[in-house]
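Given next are the chains, with one letter for each unit.
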Amino acid sequence: MPDVTTPYAPGTPCWIDLAAPDQKAAIDFYSGLLGWTGEIGPPETGGYAVCQLNGKPVAGIMAAVAMGDQPAPPTVWTTYLTSADAEASQRSVASAGGTVLMPVMDVMSLGRMFIAADPTGAVFGVWQPLDFPGAGVVNETGALIWNELSTTDRSAASAFYRAAFGIESATMEGAEHYYALQVDGRPVGGMQPMPEHLPADTPSHWLTYFAVADTDAAVAKVAAAGGSAIMEPFDMIAGRMAVVTDPQGAVFAMIHPKPME
């Protein structure tokens, strides 16, 4: 993830949000787990909650409700990629073989956004910042630290994100079959073929990682609150991590990162 003292470069993950059937319960869960503060927002924003960590925006949580003839969104964390021009990015997504699921819309004076799927089926958001640049804190305990694409077709995914957003992929030293997603030569996320431990019909997807001080203790906290572990804590190249579901079924990862050398 980049340093948030500078604007997010186009193509960089800049925001995450969760759609949850019980919005208040989700806010309470993540506040208890990660030290956030948050409350249901005003009616003019559809109740969207901008959760904070140490007074800075860290993630959004909204109610998963049907809107018009659209069904309620799934209970998932969505990764948003930065765009300098949402309309242009929407055209690029379509021409590169992606699918626009929710076309460009204005979010008051905060920015413009749309939701799309890459050619392998992974769903993501795009955010063109205006008054709201995105996450005000990353890479700290309790905050977003990594965004990872697991895909059924790495070659197709690589070609798509390069064409649509200028995101390059490169093999990551010391991590077999793992690729760094790079913007301007800097790693901003990861990509891997679909992990073997997942069910064969698991679709391509983006996974959100949160930094924690103690992975084992955090997983125990998740379980005590009604969530569960998909992958129990284990040591890997970047630190000690686990993959869990929250009490409403949203999947995310947690990691206690190794110190930067």
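Being a predicted model, the structure only gives us computed values, none of them experimental. (Residues numbered from 1 in each chain as written. Predicted model: local features only at pLDDT ≥ 70, side-chain atom pairs only at ≥ 80, totals over all residues. Heavy atoms only, no water.)

## So, the overall build of the protein chain
A tally of regular secondary structure across the protein chain gives 4 helices and 15 strands. Radius of gyration (C-alpha) of the protein chain: 17 Å, near the 18 Å computed for a compact globule of 261 residues. Each principal axis of the C-alpha distribution contributes one length, and for the protein chain these read about 45 × 45 × 40 Å. Buried residues in the protein chain amount to 48% of all 261 residues. Of the accessible surface of the protein chain, which amounts to about 12200 Å², a share of 57% is contributed by carbon and sulfur atoms. In the protein chain, which carries 10 positive and 27 negative side-chain charges, the distance between the mean positions of the two groups comes to 4 Å. (Helix = DSSP H or I, 4+ residues; strand = E, 2+ residues; numbered from the N terminus. Rg over C-alpha atoms; globule rule 2.2 N^0.38 Å. Buried < 20%, exposed > 50% of the residue type's maximum accessible area, 1.4 Å probe, protein only. Areas by Shrake-Rupley, 256 points an atom, 1.4 Å probe, with all protein chains shown as cover. Lys, Arg positive; Asp, Glu negative; His and termini not counted. Charge placed at Lys NZ, Arg CZ, Asp CG, Glu CD.)

## Points about unusual backbone geometry
For Met108, which is not glycine, the phi dihedral falls at a positive 45°. With respect to the helices, strands and loops of the structure, Met108 is situated in the loop between strand 5 (99–107) and strand 6 (111–117).

## Focus: the packing of aromatic side chains
Within a pair of aromatic rings, the relevant descriptors are the distance that separates the centres and the angle that separates the planes. Scanning the entire structure with this criterion turns up 19 aromatic pairs. Ring geometry for Trp15 against Phe132: centres 5.0 Å apart, planes inclined by 85°, an arrangement best described as edge-to-face. In this pair, Trp15 is assigned in strand 1 (residues 13–20) and Phe132 in the loop between strand 7 (123–129) and strand 8 (144–151), connecting sequence segments 117 residues apart. With a centroid separation of 5.7 Å and 80° between ring planes, the pair formed by Phe124 and Phe165 is classed as edge-to-face. (Phe/Tyr/Trp six-rings, centres within 6.5 Å; stacked < 30°, edge-to-face > 60°.)

## Comments concerning the sheet that holds strand 12 (residues 205–211)
If you walk across this open sheet you meet the 8 strands as 9-10-11-8-12-15-14-13, and the pairing is mixed. Two strands bound the open sheet, and with one partner strand each, they are strand 9 (168–171) and strand 13 (228–236). In this sheet, neighbouring strand axes are inclined to one another by 30° on average, regardless of whether the strands run parallel or antiparallel. Summarising the sheet, strand 13 and strand 14 (residues 239–245) pair through 6 bridges and their orientation is antiparallel. If you follow Met236 over to strand 14, its bridge partner there is Gly239. (Pairing = 2+ DSSP bridges. Axes fitted to C-alpha atoms, helices over the stretch in contact; angles between N-to-C directions.)

## A look at the nonpolar core
In this structure, Tyr30, Trp36, Ile61, Trp77, Phe252 and Met254 are the most contacted members of the largest nonpolar core, which totals 40 residues. Per-element accounting of this core gives the leading share, 6 residues, to helix 1 (residues 23–34). When near neighbours in sequence (up to four residues on either side) are disregarded, Tyr30 contacts Leu18, Gly35, Trp36, Ile61, Trp77, Phe210, Asp246, Ala250 and Phe252. Ranked by size, the runner-up nonpolar core spans 22 residues in total, among them Phe114, Ala116, Val126 and Tyr179. (Core = buried A, V, L, I, M, F, W, Y, C linked by side-chain atoms within 4.5 Å. Contact = heavy atoms within 4.5 Å.)

## So, the sheet that holds strand 3 (residues 56–63)
Across the sheet, which stays open at both edges, the 7 strands sit in the order 2-3-1-4-7-6-5 with mixed pairing between neighbours. Of all strands in the sheet, those with a lone pairing partner are strand 2 (49–53) and strand 5, marking the two edges. Across this sheet, the average inter-strand angle for adjacent strands is 25°, counted without regard to direction. Running over the sheet, helix 1 touches strand 1, strand 2, strand 3 and strand 4 (77–82) and is turned about 150° from strand 3.

## Describing the pairing of strand 2
Residue alternation in strand 2 divides its side chains into a buried set, Ala49, Cys51 and Leu53, and an unburied set, Val50 and Gln52. In the sheet, strand 2 pairs with strand 3 via 5 bridges, with the strands oriented antiparallel. Bridge assignment links Val50 to a residue of strand 3, and that residue is Gly60. Linking strand 2 to strand 3, which pair antiparallel, is a turn of 2 residues; within it Asn54 sits at a positive phi near 55°.

## Side note on the side chain of Thr245
Inspection of the secondary structure assignment puts Thr245 in strand 14. The exposure class of Thr245 is buried, given its relative accessible area of 14%. Those residues within four positions of Thr245 in sequence are excluded, and the remaining contacts are Val222, Gly227, Ser228, Ile230, Ala250, Val251 and Phe252.

## Digging into the environment of Gly166
Tracing the sequence through the fold places Gly166 in the loop between helix 3 (154–165) and strand 9. Take Gly166: its relative accessible area is 41%, and that puts it in the partly exposed class. In sequence terms Gly166 and Thr12 are 154 residues apart; their C-alpha atoms lie 9.9 Å from each other. When sequence neighbours within four positions are dropped, the list of residues in contact with Gly166 reads Tyr161 and Gln182.

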